[in-house]
Amino acid sequence: MPKLGSFDLRHGLVLAPILDVTTSPFRKLCFKYGADMAFEPMVWTNYILMATQKFLDSVVTRPEEHPLGFQLITTRPEQVKPALDVLESLPYDLYDLNVGCPSRNVTKLGAGGALLGNLPLLEEIVAEMAKHAVKPFSLKIRVGLSTSDALLPVLQLAKDHGADFVTIHARTVSQGYGGTADWSLIHLAKNKFPDIPIVGNGDVRSPENARDLLDTFSCEGVMIGRTAMKNPRIFQSCAAFLEQKSLPSIAHREIFTDFLEFLQDTLADQKVRPFDLRAVRGTLQNFCSGFPLARRLRMEINNLTSTEELRAFATRMLDESDPIEINSPRPG
Ligand SMILES: Cc1cc2nc3c(=O)[nH]c(=O)nc-3n(C[C@H](O)[C@H](O)[C@H](O)COP(=O)(O)O)c2cc1C
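The model shown is predicted, which means the values in this text are computed figures rather than measured ones. (Residues numbered from 1 in each chain as written. Predicted model: local features only at pLDDT ≥ 70, side-chain atom pairs only at ≥ 80, totals over all residues. Heavy atoms only, no water.)

**Structural notes on the site of the ligand**
Using the following cut-off: Any residue with a heavy atom positioned within 4 Å of a molecule or strand is treated as near that molecule or strand. Distance and chemistry together define a polar contact, namely a pair of N or O atoms within 3.5 Å, with one atom able to donate a hydrogen and the other to accept it when in protein, and with adjacent residues in sequence counting only for side-chain atoms on both sides. Accessible areas in this description were obtained via Shrake-Rupley with a 1.4 Å probe; residue shielding takes into account the shown protein chains only.
Near the ligand there are 17 residues, and of these Pro 17, Gln 71, Asn 201, Asp 203 and Arg 226 occur at the shortest range. Asn 201 has a polar side-chain atom sitting 2.6 Å from an oxygen atom of the ligand. In this structure, Arg 226 approaches the ligand through a side-chain N or O atom, which is 2.7 Å from an oxygen atom. For the ligand, the protein covers 86% of the area, taking 610 Å² as the surface of the free molecule.

**Some details on the sheet that holds strand β9 (residues 198-201)**
Where we set the bar: What makes two strands pair is DSSP finding at least two bridges between them. Only runs of H or I of at least four residues qualify as helices and only runs of E of at least two qualify as strands under DSSP, and these elements are numbered from the N terminus. Structural elements are reduced to axes, namely lines fitted to C-alpha atoms, with helices fitted over the stretch in contact, and the angle between N-to-C directions of any two is expressed from 0 to 180 degrees. The contact rule is simple, with two residues in contact once any of their heavy atoms fall within 4.5 Å.
Pairing in this closed barrel of 8 strands is parallel, and the strands run β3-β4-β5-β6-β7-β8-β9-β10 around the ring. For this sheet the average axis-to-axis angle between neighbouring strands, irrespective of direction, equals 25°. Along the sheet, helix α11 (residues 234-242) contacts β3 (13-15) and β10 (221-224); its crossing angle with β3, the most-contacted strand, is approximately 170°.

**A short note on the layout of surface pockets**
Where we set the bar: In this analysis, the protein atoms alone were mapped onto a 1 Å grid. Cavities are point sets where a 1.4 Å probe fits without being able to get out; pockets are open sets with protein on both sides within 12 Å along at least five of seven lines; lining residues have an atom within 4 Å of a point. Grid points are joined across faces, edges and corners, and a volume is the space filled by probe spheres set on the points. Polar here means any residue other than Ala, Val, Leu, Ile, Met, Phe, Trp, Tyr, Cys and Pro, which are nonpolar, and Asp, Glu, Lys and Arg, which are charged; Gly is therefore polar.
Its volume calculated, the second largest pocket comes out at about 790 Å³. Taken together, 33 residues form the lining of the second largest pocket, with Pro 17, Ile 18, Tyr 177, Gly 225 and Arg 226 sitting closest to its centre. In terms of residue count, the dominant contributor to the lining of the second largest pocket is helix α10 (residues 226-230) (3 residues). Grouping the constituent residues of the lining of the second largest pocket by class yields 13 nonpolar, 13 polar and 7 charged.

**Things to note about α11**
Residues separated by three or four positions in an α-helix point in the same direction, a consequence of the helix having 3.6 residues per turn. What counts is decided by this rule: Exposure categories follow from relative accessible area, calculated using a 1.4 Å probe and restricted to protein chains: below 20% of the type maximum is buried, above 50% is exposed, and the middle band is partly exposed.
Those residues of α11 that fall on the buried side of the exposure criterion are Ile 234, Phe 235, Ser 237, Cys 238, Ala 239 and Ala 240. Packed against the buried residues of α11 are β3, α1 (24-32), α9 (207-216), β10 and α10. In the stretch just after α11, Gln 244 is the one whose phi turns positive, near 55°.

**Concerning the packing of helix α12 (residues 255-268) against helix α13 (residues 277-287)**
We count it as follows: Oblique is the label for any angle not under 35 degrees, not over 145, and not in the 65 to 115 range, which are roughly parallel, roughly antiparallel and roughly perpendicular in turn. Put simply, a crossing is left-handed when the front helix is turned counterclockwise from the back one by less than a right angle, and right-handed when it is turned clockwise.
Two elements in contact, α12 and α13, have axes whose closest approach is 10 Å; the angle formed by their N-to-C orientations is 165°. Our classification of the angle between α12 and α13 gives roughly antiparallel. Note on packing geometry: the crossing formed by α12 with α13 is right-handed. Contact residues: α12 offers Ile 255, Phe 256, Asp 258, Phe 259, Phe 262, Leu 263 and Thr 266, while α13 offers Val 280, Thr 283, Leu 284 and Phe 287. Of the residues in the contact of α12 with α13, the class split is 8 nonpolar, 2 polar and 1 charged.

**Observations concerning helix α4 (residues 80-87)**
Test applied: In this description, one arc is meant: the one made by directions from the helix axis to the C-beta atoms.
Where α4 is concerned, the buried positions are Val 80, Ala 83, Leu 84, Val 86 and Leu 87. Looking straight down α4, one finds that the buried residues subtend no more than 155° of arc, so they occupy a single side. Where α4 is buried, its residues touch α2 (45-50), α3 (52-58), β5 (68-73), β6 (94-99) and α6 (119-132).

**So, the confidence of the model for the protein chain**
Test applied: The pLDDT score gives, residue by residue, the confidence of the prediction method on a 0 to 100 scale.
Confidence in the prediction for the protein chain averages 90 pLDDT; 93% of positions are at 70 or higher. Every residue in residues 323-332 is under pLDDT 50, and counting partners more than four places away or in other chains gives 31 contacts.

Next comes the structure, spelled out in structure tokens:
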């Protein structure tokens, strides 16, 4: 059983934090399909401290989504302790530091991926987390700014300060989301720091990819982002594959049962008011990916303006007699 610090995970399958996507209902779906751990997308320490009540009002979690990590982003070591104090009463199981975000809006402030070019500041922040976190903590890093030169020093720093594990997105910051993730760097990290549990991340699109990171590259965990966004059932396929069971046969229309469940859960949540139709439409459009006529479906979804219309659309997609043709295999 893969072990990430104090967490025993069934298969080591982790849902990536994705801003505006990995909301509580979406995370719950992924746990249902076999994810073993998930993360809240990044939140600035500044926001937690300057808009504390607004922040607390926005927190939505469900008992079904544990272990659940909370991801902080900051350039201010002195804000780490007070932010952790606010978080302590919330139902998160671990804290994570964002050391990888490549967005210009973030890096120009010196945060996220930019910390890979400012190791003294990164060390100060990590030292504060180590000193004040009463729960396990991890780092989510990229391999460096434009080369992989930060990878080993950052792992040393994580080791020195007792991080429970490190997630490595095997791209440089300047790569953004382009090019390919270089898993050989994950292999290098594992060889140099065999004692640090590593979650491998970047371009995991199939159960075989997950198996490679876990077995060939000896990672304790594998994190999946964009593939899960389009198809949360990737976790189900990975779990079956890793258990050497036959892959569940998934009726392609059934992806829309996911959506109905997502919708139900979102509507049931008193905190999600006013109801964010745009985000829900986005989720449904992601689920269309890979289907024939996806373009047409996406345009149709764009025109859905009420929860009733969304529900009717998803129900229609489940109806086999509907002429919309959804019959080709989905990837992954
Ligand atoms: C739209 C979008 C938003 C993201 N938001 C976050 C975030 O809040 N925190 C974070 O650490 N990574 C974030 N990521 C990066 C993902 O967690 C993940 O590391 C990356 O997508 C690579 O994994 P993948 O190839 O499986 O998608 C985001 C990625 C995308 C595409």
